[in-house]
Amino acid sequence: MNSIFVYCELTEEKNIADVSLELCSKGRKLANQLNVPLEAIVIGDVDENIARQVSPYGVDVIHLAKDNRLFPYQTLPHAAIVIDLIKNEQPQIVIYGATPIGRDLAPRVASALRCGLTADCTELAIGSHIEPKSQKEYKNLLLQIRPAFGGNIIATIINPETRPQMATVREGVMKKEIISNSYNSKISKIDTEKILKPEHFILQTIERHVEPQKINIKNANIIVAGGYGMGSKENFQLLYELANILGAEVGASRAAVDAGFAEPERQIGQTGVTVRPKLYIACGISGAVQHRAGMAESSTIISINTDPKAPINEIADYVIIGDVNSVIPKMIKFYKQNVK
Amino acid sequence: MSLKIVVLAKQVPDTANVTQDAMKEDGTVNRAALPVIFNPEDLHALEMALRVKDKIKDSEVILLTMGPVRANEIIREALFRGADKGYLLTDRRFAGSDTLATSYALSMAIKKLWPVNLIFTGRQAIDGDTAQVGPQTAEKIGIPQITYAEELIDVDTSSITIKRRLDRGVEIIKSPLPCLITVNHSSPRCRFRNAKLVMKYKKATSMSELQERNEDYYDLFESKPYLKIDEWGVEDINADIKWLGLSGSPTKVKKIENVVFKAKENLVLADNDNDIDKLMKTLINSHIIG
């Protein structure tokens, strides 16, 4: 049966990226539903040990293209290998991270294979579809669910006729789940010499500075997030103080990041990271649809806002009507008083 | 030697400012109720193209867009800011195209304009946010791509050097020409309209616009050919309709829904010692914090 493929990208430290492991976990579930194997594609100058980082997530076959010319990522050689592999193996589904790499590579591959591609999905499922005109029924399609129109609506996209069905998926929306630490993946080596030609290496990387990931709000248990209502970068300092005391990370809305109050890595929402912490404290965040979509699944939500009608209050468990500059110092004071 | 530069741009509904009036009962968006704008990152792309022209004089910057006749507005806007020429791809048979069919149409138009040295476009359009049309167009033409471009470092008649913005860093890439570049919003903003160019191009018009207005165009285009915005249909770009519109689009929209959040019953607290003290105790006692 035609497999599900996950394109796995490498971090700067040459480990498998978190987003790829998340996709392997999602891919495993879809593969179980369809009763087909899950296969991973790993391309770079890494050996089997690194590639096997995906195994615990339930990957049956790892296609490994090891070649020192393949790191860091470049469009043309990676696309050539992926296109060749898809043509040979005929997977029914291929998923990529919606990262600068996945969003550079997947459209190139989709165009070459003339297949459908849906960008920035926030959910994937298997389902059927009846074409309204012809009443033709399609079974076991990949339902590709994504925000559309600036995040104001949610669209379900399908590719009824073409294969593979391809999608890029946002980081953090799928949960990483280990199936078994001893899950056995078969390694299938790709002969890169056969595929790669000089014309794939016409681009020159002259310089590269990529910082290792320092901020990781995705896995934080508690998040103190600030919005445009914080007023300034200086006022954000208050959020760091509260976060420090609670053992939390600081997040931010898009408006706050655009205003320069916080680093882009802290952005929560549809364009940013999706989080589901135990506690989310939204400070001066009005709660546009795009922001709520990235945090609505938090277990407990506290909203601190001067506006009682802020949309975020609708999904909050506790709403504190007030100015963050006055509320947060009180929270710090009473936390210290009450905690043992 | 000079370069021929194409800028791919799109007129889009202003999705950043969707008001409740624009949302229909069924959760879909009433496009007609939204103002249309020049896709923001395409304006950044235009600026980068104009900077190439600043460096290599006599280069030509051509704006290419696909859409209804109204999309001529963005061609004029580009002319006011320094572009030399505009082409509008307009044909009912383009309607319903997904990113693959759109990039096919654009690639056929670019082939018609060939030899082209550089193609710039915005990283993505705000109505779809897919970021697919740029790379797909590059693949269809068979040229390399540089995505997420932030800065033009250098350009000559045979190569271009671009700084890319990545998640946690930057990369400087040099590509031979021809090459397609998708431009990020972190790159320089587009220059403003130039008063002289506004005077020169304010009457720039396409045939269908003139026909709609029932104006005599013969003399105008005869004396000032630069005012003519060319319109191309399927036959003009030698496209095969099998790869266009709905039939050329592998992706279909199955369903569109409003974004719904589960509203919670909430406890409203005031900014006073008593309320905040109670809240912190509750959170500590339920082991959420502490």
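Look up a bit, the structure's there.
Treat the numbers as computed from the prediction; the structure is a model and nothing was measured.

Rules behind the numbers
Residues numbered from 1 in each chain as written. Chains lettered and ligands numbered in written order. Predicted model: local features only at pLDDT ≥ 70, side-chain atom pairs only at ≥ 80, totals over all residues. Helix = DSSP H or I, 4+ residues; strand = E, 2+ residues; numbered from the N terminus. Buried ≥ 20, exposed ≤ 12 C-beta atoms within 10 Å, placed from the backbone. Contact = placed C-beta atoms within 7 Å. Expected span 1.5 Å × (residues − 1). Pairing = 2+ DSSP bridges. Axes fitted to C-alpha atoms, helices over the stretch in contact; angles between N-to-C directions.

Novice: Give me the overall build of chain A: which residues, what numbers.
Specialist: The number of helices and strands found in chain A is 9 helices and 16 strands. Out of the 340 residues belonging to chain A, those deemed buried represent 55%. Taking the intrachain contacts of chain A between residues at least 6 apart in sequence as the baseline, contacts between residues at least 24 apart amount to 64%.

Novice: How would you sum up helix H1 (residues 40-55) of chain B? Please name residues and give values.
Specialist: Here H1 of chain B spans 24 Å end to end across 16 residues, near enough to the 22 Å set by a 1.5 Å rise per residue. What H1 of chain B keeps buried is the set Glu-41, Asp-42, Leu-43, His-44, Ala-45, Leu-46, Glu-47, Met-48, Ala-49, Leu-50 and Lys-53 of chain B.

Novice: Break down the interface of chain B and chain A for me, citing the residues and quoting the values.
Specialist: Taken residue by residue, the interface counts 66 residues in chain B and 73 residues in chain A. Going through the elements one at a time, helix H3 (99-113), helix H4 (133-141), strand S7 (145-155), strand S8 (159-166), strand S9 (169-176), strand S13 (252-258), strand S14 (267-270) and helix H8 (273-285) of chain B are the ones with two or more residues in the side of chain B that touches chain A. With 8 residues, S9 of chain B is the single largest residue contributor to the side of chain B that touches chain A. Bridge analysis of strand S16 (residues 318-321) of chain A against S14 of chain B gives 4 bridges, and the strand direction is parallel. Residue pairing across strands places Tyr-318 of chain A opposite Leu-267 of chain B, the latter belonging to S14 of chain B.

Novice: Could you give an account of the sheet that holds strand S2 (residues 38-44) of chain A, naming the residues involved and the relevant values?
Specialist: Residue and element names in this part refer to chain A. Spatial strand order, S5-S9-S4-S1-S2-S3-S10: 7 strands in an open sheet with parallel pairing. Only two strands of the sheet have a single partner each, and these edge strands are strand S5 (117-121) and strand S10 (186-189). Direction aside, the axes of adjacent strands within the sheet are offset by 20° on average. Sheet analysis places S5 next to strand S9 (residues 165-169), joined by 3 bridges and oriented parallel. By the bridge assignment, Thr-118 is partnered in S9 with Ala-167. Strand contacts of helix H1 (residues 18-34): strand S1 (4-8), S2, strand S4 (93-97) and S9, with the helix running at about 175° to S1, the strand carrying the most contacts. Its contacts with the sheet put helix H3 (residues 75-89) on S1, S2, strand S3 (61-66) and S4, and the angle it makes with S2 is roughly 155°.

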